[in-house]
Amino acid sequence: MPKKIVSACLAGFHCRYDCAHQEREAIKLMVENGEAIAVCPEQMGGLSTPRTPAEIIGNKVISKTGPDVTDAYTKGAEEALKMAQMVGATEAYLKSRSPMCGQGKIYDGTFTGQLTEGDGVFSKLLKQHNIKVISID
Ligand code: SF4
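Residues numbered from 1 in each chain as written. Predicted model: local features only at pLDDT ≥ 70, side-chain atom pairs only at ≥ 80, totals over all residues. Heavy atoms only, no water.

Would you mind going over the environment of Pro53 with me for this structure?
With respect to the secondary-structure elements, Pro53 resides in the loop between helix 2 (41-44) and strand 3 (54-57). Between the alpha carbons of Pro53 and Ala11 there is a distance of 20 Å; along the sequence they are 42 residues apart. Excluding its chain neighbours within four sequence positions, the residues that come into contact with Pro53 are Tyr17, Ile62, Ser63, Lys64 and Phe111. (Helix = DSSP H or I, 4+ residues; strand = E, 2+ residues; numbered from the N terminus. Contact = heavy atoms within 4.5 Å.)

Just to check I follow, could you spell out the sheet that holds strand 1 (residues 4-7) for this structure?
Backbone hydrogen bonds are what pair the strands of a sheet, in a parallel or an antiparallel way. One open sheet holds the 4 strands; their spatial order is 2-1-5-8, and the pairing between them is parallel. The open sheet has two edge strands with one neighbour each: strand 2 (36-39) and strand 8 (132-136). Taken pair by pair, the neighbouring strands of this sheet meet at an average axis angle of 25 degrees, ignoring direction. Pairing of strand 5 (residues 91-95) with strand 8 involves 5 bridges; the strand directions are parallel. Following the sheet pairing, Glu91 is matched in strand 8 by Lys132. Those strands touched by helix 4 (residues 121-128) are strand 1, strand 2, strand 5 and strand 8, and its axis lies near 165 degrees from that of strand 5. (Pairing = 2+ DSSP bridges. Axes fitted to C-alpha atoms, helices over the stretch in contact; angles between N-to-C directions.)

Looking at this structure, how should I read the site of the ligand?
With respect to spatial proximity, 14 residues lie near the ligand, and among them Ala8, Cys9, Cys40, Glu42 and Cys101 are the closest. Grouping the amino acids of the shell around the ligand by side-chain chemistry returns 8 nonpolar, 2 polar and 4 charged. (Near = heavy atom within 4 Å. Nonpolar A, V, L, I, M, F, W, Y, C, P; charged D, E, K, R; others polar.)

What's the story with the side chain of Glu42 in this structure? I'm lost.
Considering the arrangement of structural elements, one finds Glu42 in helix 2. Each residue touching Glu42, except ones within four places of it in the same chain, is listed here: Leu47, Arg51, Tyr73, Ser98, Pro99 and Met100.

Looking at this model, I keep getting lost on the side chain of Arg51. Mind explaining?
Checked against the element boundaries, Arg51 lands in the loop between helix 2 and strand 3. Polar side-chain contacts of Arg51 include one of 2.8 Å to the side chain of Glu42. Not counting chain neighbours up to four residues away, the residues in contact with Arg51 comprise Cys15, Arg16, Tyr17, Cys40, Glu42 and Gln43. (Polar contact = N/O pair within 3.5 Å; in protein donor to acceptor, adjacent residues only side chain to side chain.)

Please explain the pattern of salt bridges as it appears in this structure.
A side chain with one charge may pair with a side chain of the opposite charge, provided their charged atoms come close. Throughout the structure, instances matching the rule amount to 8 salt bridges. A salt bridge links Glu79 to Lys82, with the shortest nitrogen-to-oxygen separation between them at 3.1 Å. Of the two residues, Glu79 and Lys82 are both situated in helix 3 (residues 70-86); the distance of 3 residues between them amounts to about one turn of the helix. Each of Glu23, Lys28 and Glu32 takes part in salt bridges that share partners, so that together they form one network. (Salt bridge = Lys/Arg side-chain N within 4 Å of Asp/Glu carboxyl O.)

What's the story with the nonpolar core in this structure? I'm lost.
Among soluble globular proteins, nonpolar side chains are generally buried collectively. Residues Ile5, Leu94, Phe122 and Leu126 are the most contacted members of the largest nonpolar core, which totals 23 residues. Within the residue set of this core, elements represented by two or more residues are strand 3, helix 3, strand 5 and helix 4. Sort the elements by how many residues they give to this core and helix 3 lands first, with 5 residues. In this structure, Leu94 is in contact with Val6, Ser7, Leu10, Cys101, Phe122, Ser123, Leu126, Val133, Ile134, Ser135 and Ile136, ignoring residues within four places of it in sequence. Counting 8 residues, the second-largest nonpolar core is a separate cluster that includes Val6, Ala11, Ala36 and Tyr93. (Core = buried A, V, L, I, M, F, W, Y, C linked by side-chain atoms within 4.5 Å. Buried < 20%, exposed > 50% of the residue type's maximum accessible area, 1.4 Å probe, protein only.)

Structural data, given as C-alpha cells:
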C-alpha cells in the first residue's frame, strides 16, 4: 500500500498552470514502484489546465487577473487530503514555492517571483493532520 503522496507535476504530469510538468526522476520512480500516489490538488479543486496562476494574499488565494480562487484551493486541498488519508500516507513530497504545495517559502502575492515565509494551502492542511511535508525544488 502506498504510504506517500507526491505532487503530480513532480511525477511528470502536465498539470501546472501552464500545462508544463516539473518531473523529478526520483519522484516519478516512487509512483512507478507503487510507493506513492500522485495528486494535483489544484486540478482536484476543479481548476482548469492551463489556468491563470494564483498566489496567496493574506488568507485568500487570488488569481493574477483578479478573481478569488480560495474556494477551489480549499476544496482541492481537502480532496487531496482525503486521498492521503485513504492510502494511509504519513509523508508527502510536494513542489516548492507553489501556493498549493509549497512549504516554508511561497510566492509573496505580488506576482514578481519574490518569496515570503508561509505554506501553500495543501501543505498547511497536511501538516494540520500530522502528515510530514518534504519540499522538493
Ligand atoms: Fe504541482 Fe501542486 Fe501545483 Fe498541482 S497544485 S501543479 S501538483 S505544485
